[in-house]
Amino acid sequence: MFDLHIHSKNSHDSKQTLDEICENAIARGLSGVAVCDHADTWFFDKDRTYDMIANCMNDIDAVREKYGERLEILKGVEMAEYLDYPERAERLLQAHDFDVILGSVHSILYEDITDAYSRIDFSAMPMEKIFEFLGEYFGKMAEMVEKTDFDILTHLTCPLRYINGKYKRNVDILYFKKEIGEVLSLIQQKGIALELNTSGIGNAYGDYMPHETILRMYKDMGGKLITLGSDAHMPQYIGNGFKDAKELLRGIGFHEYCVFRQRKMSLYQF
Ligand SMILES: [Zn+2]
Ligand SMILES: [Zn+2]
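The notes below deal with the structure included here. It should be emphasised that the depicted structure is a prediction, and the values quoted were computed from it without experimental measurement. (Residues numbered from 1 in each chain as written. Chains lettered and ligands numbered in written order. Predicted model: local features only at pLDDT ≥ 70, side-chain atom pairs only at ≥ 80, totals over all residues. Heavy atoms only, no water.)

**Some words on the coordination of the zinc ion (ligand 2)**
- Within the protein, His5 (NE2), His7 (NE2), Glu78 (OE) and Asp231 (OD) serve as the donor atoms for the zinc ion (ligand 2), at 2.1 to 2.2 Å.
- One can describe the donor arrangement at the zinc ion (ligand 2) as irregular, given that its four donor atoms subtend angles of 80 to 170° at the metal.
- For the zinc ion (ligand 2), the single-chain donor residues occur in sequence as H-x1-H-x70-E-x152-D.
- In this model, the zinc ion (ligand 2) sits 3.4 Å from the zinc ion (ligand 1), the two metals being bridged by Glu78.
- The class of His7 is buried, set by a relative accessible area of 0%. (Donors = N, O, S within 2.8 Å, 3.2 Å for Na, K, Ca; no water. Tetrahedral: all angles 85-135°; square planar, octahedral: opposite > 155°, others 65-115°. Buried < 20%, exposed > 50% of the residue type's maximum accessible area, 1.4 Å probe, protein only.)

Right, dumping it as structure tokens:
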């Protein structure tokens, strides 16, 4: 298996080195990893994103030979809010030869909400506003899929990790079935893969992103392109929950997963 979504110390919220990533990935039996550090266009200055991504590319170059055939190490980036500052995004994407580009929505400007949703306190927010916010989230995601060029749609329904996981607001995401269906249809039209993100497994959220029902929806719509991503920021979470995730996917009828090299897709049997 490949874990196509791992953060290194070149993300503001991770400290793990390339060696820690590689040694833990090998210990868990993975064949390959994609190191995908944060590129959130809202925070390029604060996060020193151009420098950090350049460091990440250098760090990968420095260890690729050392791990050789024991582990394939792919160059990725987790691009968020591309369309809010397209010139920043394009400058970064042109600066490096990435194997894989993740497309993410982390931040939505809505009324008084002006920060990443991971830092928003949803505990006392009126339910109506939470639903409006989620509506904006799916709309922004659909626009990103339509208008930007990337390989993997990450952690679909991620705000639930905070709204339902951290703040226990019990939102039923299937209220947005139509919007979710639209996103799933758009990724199929564009040949973008859907990530099964396992970072919610083993913590307060306790679920995959997206939930099984949405994976089944995607399958029923003819969706075939799946990747697995732990979104690990710490070594112990590399490949988190992959064994169960693989069983779940096979049970639904997915028999292949995607890997990207120099942005070309290959399919492997589970
Ligand atoms: Zn993310
Ligand atoms: Zn991530």
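That shown, we press on.
**A short note on the coordination of the zinc ion (ligand 1)**
- Protein coordination of the zinc ion (ligand 1) is provided by Glu78 (OE), His106 (NE2) and His155 (NE2), with donor distances spanning 2.0 to 2.1 Å.
- Donor residues binding the zinc ion (ligand 1) come from one chain and are separated in sequence as E-x27-H-x48-H.

**Observations regarding unusual backbone geometry**
- Across the junction of Met209 and Pro210, the peptide omega takes the value 0°, indicating a cis bond.
- With respect to the helices and strands, the residue Pro210 is situated in the loop between β6 (193–197) and α8 (212–220).
- Phi is positive for Glu111, close to 50°, though the residue is something other than glycine.
- Even without glycine at this site, Asp231 takes up a positive phi of about 55°. (Helix = DSSP H or I, 4+ residues; strand = E, 2+ residues; numbered from the N terminus.)

**Thoughts on the packing of helix α7 (residues 177–190) against α8**
- For the pair α7 and α8, interaxial distance at closest approach is 10 Å and the crossing angle is 50°. As far as their axial angle goes, α8 and α7 are oblique. Handedness of the α7/α8 crossing: right-handed. Of α8, the residues touching α7 (which contributes Lys177, Ile180, Gly181, Leu184, Ile187 and Gln188) are Ile214, Met217 and Tyr218.
- Tallied by class, the residues present in the contact of α7 with α8 amount to six nonpolar, two polar and one charged. (Axes fitted to C-alpha atoms, helices over the stretch in contact; angles between N-to-C directions. Parallel < 35°, antiparallel > 145°, perpendicular 65-115°, else oblique. Left-handed = near helix turned anticlockwise from the far one by under 90°. Contact = heavy atoms within 4.5 Å. Nonpolar A, V, L, I, M, F, W, Y, C, P; charged D, E, K, R; others polar.)

**Here we look at the sheet that holds strand β5 (residues 152–153)**
- Strand order in the open sheet formed by seven strands is β1-β2-β3-β4-β5-β6-β7, with parallel pairing between adjacent strands. A strand with exactly one partner marks an edge of an open sheet, and here the two such strands are β1 (2–6) and β7 (226–229).
- For strand β3 (residues 72–80) and strand β4 (residues 100–104), the ladder comprises five bridges, and the chain directions are parallel. Each residue of the ladder has a partner; that of Met79, found in β4, is Gly103.
- Running over the sheet, helix α3 (residues 49–67) touches β2 (32–40) and β3 and is turned about 165° from β3. (Pairing = 2+ DSSP bridges.)

**A few points about the side chain of Ser107**
- You can see Ser107 is positioned in the loop between β4 and α5 (127–147).
- Sequence-distant contacts of Ser107, that is, excluding residues within four places in its chain, are made with Trp42, Phe43, Glu81, Asp115, Ala116, Tyr117 and Lys140.

**What about helix α1 (residues 18–27)?**
- Turning to α1, its buried residues number three or more, namely Leu18, Ile21, Cys22 and Ala25. When α1 is viewed along its axis, its buried side chains cluster within an angular range of 90° and face the same direction.
- Directly after α1, the chain includes Gly29, whose backbone phi takes a positive value near 80°. (Arc of directions from axis to C-beta.)

**Focus: the pairing of β3**
- Across the nine residues of β3, eight count as buried, placing the element largely inside the fold.
- Strand direction decides the pairing type here: β2 and β3, joined by nine bridges, are parallel. Its bridge partner lying in β3, Gly32 is registered against Glu72.
- Between the parallel elements β3 and β4, the chain passes through helix α4 (residues 86–95) in a crossover that is right-handed. (Right-handed = clockwise from strand over helix to strand, strands pointing away.)

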